[in-house]
Amino acid sequence: MSAASCLLSEDQFLCCICLDVFTDPVTTPCGHNFCKSCINQHWNSNDQYLCPMCKETFYTRPKLHINTLFSEVVSHSSEQQAAKPGEVPCDDCSGTKLKALKSCLVCLTSYCETHLEPHLTKSGLKRHQLINPVENLEDRMCMKHDKPLELFCKTDQTCVCMLCPVLDHKTHEFVPLKEEYEGKKAELGKTEAEIQEMIQKRRLKIQEIKHSVDLSKEAADREKADGIQVFTALMQSVERSLNELIDTIEEKQRTTEKQAEDFIKELEQEISELKKRSSEVEKLSHSEDHLHLLQNFPSLKAAPPTKDWTEVSVRPPYEETLVRAVAQLEETLSEQMENLLELKRVQQYAVDVTLDPDTANPWLILSDDGKQVNCGDVEKTLPDNPERFSDCGNVLGKQSLSSGRFYFEVQVKEKTEWELGVARESIDRKGDITLIPEEGYWTIWLTNGNEYEALDDPPVNLSLESQPQKVGVFVDYEEGLVSFYDVDAAALIYSFTDCSFTEKLYPYFSPCSNDGGRNSAPLIICPVNQTE
């Protein structure tokens, strides 16, 4: 602040109307200063134009002049910030408390820029110790000697003044506050580093826990999907068994009713014959013709021949029908559970299979992600590299197996022909191909829309209860096993056993010909354990 402003007291910057620092200060003809809006409002609300300070009366509304000096001083003061909550205010400010810039340990007072100026300019005050503004300056004074706390007693771990070592702590070890401050600050730095490390560890633990929850949710979703699949299959088996039981009982009832109907018909026929003989016997017994009775007596003296009905009966044919049905159901459910568990076991070895475009026959169309293949209507011009199938519409997967186990699933829905399996690396890929194990192929196929065969030598016809919509292929290299599963039915379709593998095996696919659009659906490599 300028020297001129230092000569003015703070009260001189207050408007006597609003009692606050001037806003747009103006001067009246009598020499007094007011906020422009305050004096105008004052005159607007009164009949006379009086000066609020000296009560001088003006007959006409005076012309107000801007007080340039006060405007500069007020403007300069307004640049200083008022103390906000949590900040140290200036102890010398009256009215609005400005933010303190320094605190004096000698005066035990905090000063804003304006009130700090004497400590910066007057020689007597320059020797005072100034620090960054703090509250409760009396806490920085020794309660016993009324001196600033400038030393640290390492023996008692407390702050003391310069007289304390002489009078009260004679044998103690002392260091300047700044030295102890630096040491403690370094310790706090280490503590802060340790705390940050602890925070980081706990954040990592949170991530670990969240990841575990995500994994648990994924596992729960898989378990729910598996549970739905298992119990749906079981409920379908129970429903089929119930329908079969009802059909069996109803068929037996129809057989019983037919047998009873035949018995009744035969009995009624015998009754008719017996009634006829009874009528003849009765008529003969009343005859008066001696010769006639004697001549016919031999043929009428005995009852006509009839069936012995003593052991004939119609019994309910349902003994143990329910027991046998339940036993059969238990056997079926047990078999299905074994199949489901077996399928879940091999699904653990699922691999992410993609199609290898370098092996694809030129008639085949592969999706960009390498997960779908179907046969097109146009033969593409492609390099005839050694890996490519030249004449047959086949393609291999990129992934290979030379040990261990692997499993993948392929959607075959809406197709009338397809081939799936595995093939060894050295197979012949040019010209006609014979899909048999001796040639390096272990495959099954669908032909004519509903005929399934395992392409062994000779081929094995497969009788399936339902047409698979998704086929799983499992290989155990060391066991020499290639198995095919109906994924939705959780049923084993066929297994090649006792195979001898000596080189890499690749997944094998053939969508077969388009057949005029009747077989245009693609083979689709599906993610395992994903429910539709």
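Here, every reference points to the structure presented above.
Residues numbered from 1 in each chain as written. Predicted model: local features only at pLDDT ≥ 70, side-chain atom pairs only at ≥ 80, totals over all residues. Heavy atoms only, no water.

Enquirer: Go over the overall build of the protein chain with me, naming the residues and quoting the values.
Expert: Across its full length, the protein chain carries 9 helices and 24 strands. In terms of overall dimensions, the protein chain is more spread out than a globule: its C-alpha atoms have a radius of gyration of 55 Å, far above the 24 Å expected for 532 residues. Projected onto the principal axes, the alpha-carbon positions of the protein chain cover approximately 180 × 85 × 70 Å. Buried positions account for 33% of the 532 residues belonging to the protein chain. When the accessible area of the protein chain is evaluated, it comes to approximately 33,400 Å², of which 52% is carbon and sulfur surface. Across the protein chain, the centroid of the 56 positively charged side chains sits 10 Å from that of the 92 negatively charged ones. (Helix = DSSP H or I, 4+ residues; strand = E, 2+ residues; numbered from the N terminus. Rg over C-alpha atoms; globule rule 2.2 N^0.38 Å. Buried < 20%, exposed > 50% of the residue type's maximum accessible area, 1.4 Å probe, protein only. Areas by Shrake-Rupley, 256 points an atom, 1.4 Å probe, with all protein chains shown as cover. Lys, Arg positive; Asp, Glu negative; His and termini not counted. Charge placed at Lys NZ, Arg CZ, Asp CG, Glu CD.)

Enquirer: Give me the lowdown on the sheet that holds strand 2 (residues 33–35), citing residues and values where you can.
Expert: In a beta sheet, neighbouring strands pair by backbone hydrogen bonds and run either parallel or antiparallel. Read from one edge of the open sheet, 3 strands run 2-1-5, paired in antiparallel fashion. Looking at strand neighbours, the two that pair on one side only are strand 2 and strand 5 (65–66), the edges of this open sheet. One ladder, built from 3 bridges, connects strand 1 (residues 25–27) with strand 2; its direction is antiparallel. In the strand pairing of strand 2, Pro25 is matched with Cys35. Taken strand by strand, helix 2 (residues 36–44) contacts strand 1 and strand 2, and its axis lies near 90° from that of strand 2. (Pairing = 2+ DSSP bridges. Contact = heavy atoms within 4.5 Å. Axes fitted to C-alpha atoms, helices over the stretch in contact; angles between N-to-C directions.)

Enquirer: So what about the packing of aromatic side chains? Which residues, and what values?
Expert: The final tally for this structure, using the stated rule, is 12 aromatic pairs. Residues Tyr349 and Phe474 carry aromatic rings whose centres are separated by 6.1 Å and whose planes lie at 40° to one another, so their mutual orientation is tilted. Here the residue Tyr349 occupies a position in the loop between helix 9 (321–347) and strand 12 (364–366), and Phe474 occupies one in strand 20 (residues 470–476), the gap between them amounting to 125 residues. With a relative accessible area of 27%, Tyr349 lands in the partly exposed category. On the basis of relative accessibility, which here comes to 1%, the residue Phe474 falls in the buried class. Here the aromatic rings of Trp442 and Phe501 are separated by 5.1 Å at their centres, their planes lie at 85°, and the arrangement is edge-to-face. Taken together, the residues Trp442 in strand 17 (residues 441–447) and Phe501 in the loop between strand 22 (491–496) and strand 23 (505–510) connect sequence positions 59 residues apart. Like Phe501, Trp442 is buried. (Phe/Tyr/Trp six-rings, centres within 6.5 Å; stacked < 30°, edge-to-face > 60°.)

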